[in-house]
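# Survey of secondary and tertiary structure
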Amino acid sequence: MFGYVTINKPELKIKEYEAYKGVYCTLCKEMGKEYGFLSRFLLSYDGAFYVIYKLGLSKSEIKVSNSHCTFNPCKKCMKITCESNIYKLACAITVILAYFKLMDNLHDSSFLKKVILYILYPYFCLIKNRAKKKYPDIFEIVNKGMAEQFALEKDENAFLDKSAHPTADILSQLFSYGETGDDKEKAKQFGYQLGRVVYFLDAFDDYEKDVKDNSFNPFKNCDDIVDASTHTINMSIGALTETFNKQNFNNFSSIIENIINDGLSLRMDRIIQKYRGEISE
Amino acid sequence: MNNPYDYLGVSRNATEKDIMDAYRRIAGEITNANIPDSEKTNRMNELNNAYDAVLNELRGTTNYAGNQNNNYGGNSQFSDVRQCINSGRLDDAETILNGVPSYMISAEWHYLKGVIHQRRGWLNEAYNCYQTACSLEPSNQEYAAAFNSLNNNSRGGYRTSRKTSNDGVCNICSTLLCADCCCECCGGDLIPCC
């Protein structure tokens, strides 16, 4: 369930796009510094959004400087830094989530793929342990949530809201991590609804595959997959927008708005097209 | 504690000062009473909850009872549940609701169940509950408002709220060109130069 939280590029201003890219670049460099060169390939847009959201809420000043991309030295990019440890936190979360993603894939993939994953396994364990050492509480949050999610998917009676709960709860705790007071409460709600959107988008995307393989999918008992999932996802995006409007962002508020409003619904529209296109054929 | 107003002994249109005075008086009574300390703490908690509930309503941050009670002739069936919800004790509220015998289950019961679900972020369940509440009592505005807001979102209403500035110069030009083509088909001409 990676890569759903992205921008809708045509709707962004150039300066906002530059800032977004800057955050992404800075996160990439930080990953390299913290977990070694290879770990940079684990980077996802979700991690970048996490940093954007946290920097948006942060009250300390944000420093912008010019820098170059390591992979392509001719390309210039901005370096956006902040005194707090948001980047380190985002790196740890990326690594830990990637590890659990690998574990998840080990359970359900073909033989050939499994062999490749087993070759990668020790490396993932290594960097996971490094992240776990730095942020044991984060690891515990994800570990517990993933175990719950796994158990829940064995239960055939799990209804929609319940099936999304563990994932939503993980994001709720990650987004509110380190916040205090009123911000924490709202970040919790924000993370929860974002988790629901991501979970349901993923379920919507994988629906056909899951039906074919007879594996768990929360929309299995629904009559019309497109109607049911758009209904559910739209409600959560709406709630996300409402929470967003209640929060005070010091930076990046237009980028965050772009991502939760246009970015998420763009992803949804693409999946709808996939299903609608096949129906008309 | 059923009604924070009765508990404090103030009327529904009491001012902030009246509420403060009532609070001090009762707090004094509790401190001077000849009872064990644990009992004192319990009573103080009760008092604080009542005080917060009344003050919040006065300041307009929550509307625990005022508006809603009017719909029921000044008497909500589940005022204790509403109070629990407003003070954030969702589990308590749910326990009370689940304990209600089936003959007492009403539109309000479904509505409050929906509110609890919505607070937890379980929007699908909330949607179903609001829908039931509305079908049982279609004239109630409180239920209708809750249902409509979710229903609007579920149809992508959040998108229309911000995309208003899409019609630019390009749209005007293309509309004019189209109109010109139409006119030419019928033998006339809107824009003489093309």
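Cut-offs used in this document
Residues numbered from 1 in each chain as written. Chains lettered and ligands numbered in written order. Predicted model: local features only at pLDDT ≥ 70, side-chain atom pairs only at ≥ 80, totals over all residues. Heavy atoms only, no water. Helix = DSSP H or I, 4+ residues; strand = E, 2+ residues; numbered from the N terminus. Rg over C-alpha atoms; globule rule 2.2 N^0.38 Å. Phe/Tyr/Trp six-rings, centres within 6.5 Å; stacked < 30°, edge-to-face > 60°. Lys NZ or Arg CZ within 6 Å of the ring centre and 35° of its normal. Axes fitted to C-alpha atoms, helices over the stretch in contact; angles between N-to-C directions. Parallel < 35°, antiparallel > 145°, perpendicular 65-115°, else oblique. Contact = heavy atoms within 4.5 Å. Nonpolar A, V, L, I, M, F, W, Y, C, P; charged D, E, K, R; others polar. pLDDT = per-residue confidence, 0-100. Expected span 1.5 Å × (residues − 1). Bend = angle between axes of the 7 residues up to and from the residue. Buried < 20%, exposed > 50% of the residue type's maximum accessible area, 1.4 Å probe, protein only.

### Quick look at the overall build of chain A
Helix and strand content of chain A: nine helices and two strands. In chain A, the succession of α and β elements from N to C terminus is α-α-β-β-α-α-α-α-α-α-α. For 281 residues, the compact-globule estimate of 2.2 N^0.38 gives 19 Å, and chain A sits close to it at 19 Å. In terms of overall dimensions, chain A has a C-alpha envelope of 50 × 45 × 40 Å along the principal axes.

### Describing the packing of aromatic side chains
All names here are of chain A. Counting across every chain of the model gives 24 aromatic pairs over all chains. Aromatic side chains Phe200 and Phe219 sit 5.6 Å apart centroid to centroid with 45° between the ring planes, which places their arrangement in the tilted category. You can see Phe200 sitting in helix α7 (residues 181–213) and its partner Phe219 sitting in the loop between α7 and α8 (225–246), a full 19 residues away along the chain. Aromatic ring contacts, followed pair by pair, group Phe49, Tyr50, Tyr53, Phe175, Phe190, Phe244 and Phe249 into a single cluster. In this structure, Lys134 is placed above the aromatic ring of Tyr35, and the distance from its NZ or CZ to the ring centre is 4.8 Å. Over the aromatic face of Phe150 sits the side chain of Lys154, whose NZ or CZ is 4.4 Å from the ring centroid.

### Some remarks on the packing of helix α1 (residues 14–35) of chain A against helix α3 (residues 86–107) of chain A
Residue and element names in this part refer to chain A. For the pair α1 and α3, interaxial distance at closest approach is 9 Å and the crossing angle is 70°. Considered as vectors, α1 and α3 are oriented roughly perpendicular to each other. Facing Val23, Thr26, Leu27, Glu30, Met31, Glu34 and Tyr35 of α1, the residues of α3 in contact are Tyr87, Lys88, Ala90, Cys91, Ala92, Thr94 and Val95.

### Describing the packing of α8 of chain A against helix α8 (residues 123–136) of chain B
Between α8 of chain A and α8 of chain B, whose axes approach to 10 Å, the crossing angle comes to 100°. The angle between the axes of α8 of chain A and α8 of chain B places the two elements in the roughly perpendicular class. Across the interface between the two elements, His231, Thr232, Met235, Ser236 and Ala239 of chain A from α8 of chain A touch Leu123, Asn124 and Tyr127 of chain B from α8 of chain B. Partitioning the contact of α8 of chain A with α8 of chain B into residue classes produces four nonpolar, four polar and no charged.

### Quick notes on the confidence of the model for chain B
Interpretation of the predicted coordinates at a detailed level should be avoided for regions scoring low in pLDDT. Residues and elements named next belong to chain B. Confidence along chain B averages 78 in pLDDT terms, with 84% of residues attaining 70 or more. Per-residue pLDDT, averaged within each element of chain B, yields its smallest value for helix α4 (residues 66–71) (39) and its largest for α8 (92). Under a pLDDT of 50 for its full length, residues 61–75 has, in the predicted model, 32 contacts with residues more than four places off or in other chains. Taken over the whole predicted complex, pTM reads 0.74, whereas the ipTM for its chain interfaces reads 0.83.

### A few points about helix α4 (residues 111–134) of chain A
Residues and elements named next belong to chain A. The terminal C-alpha atoms of α4 lie 34 Å apart, and with 24 residues this matches the ideal 34 Å at 1.5 Å per residue to within 8%. Of all bends in α4, the biggest is about 40°, found at Leu120, and the proline Pro122 comes one to four residues later. Listed in full, the buried residues belonging to α4 are Leu117, Phe124, Cys125, Ile127, Lys128 and Ala131. Packed against the buried residues of α4 are α1, α3 and α5 (136–152).

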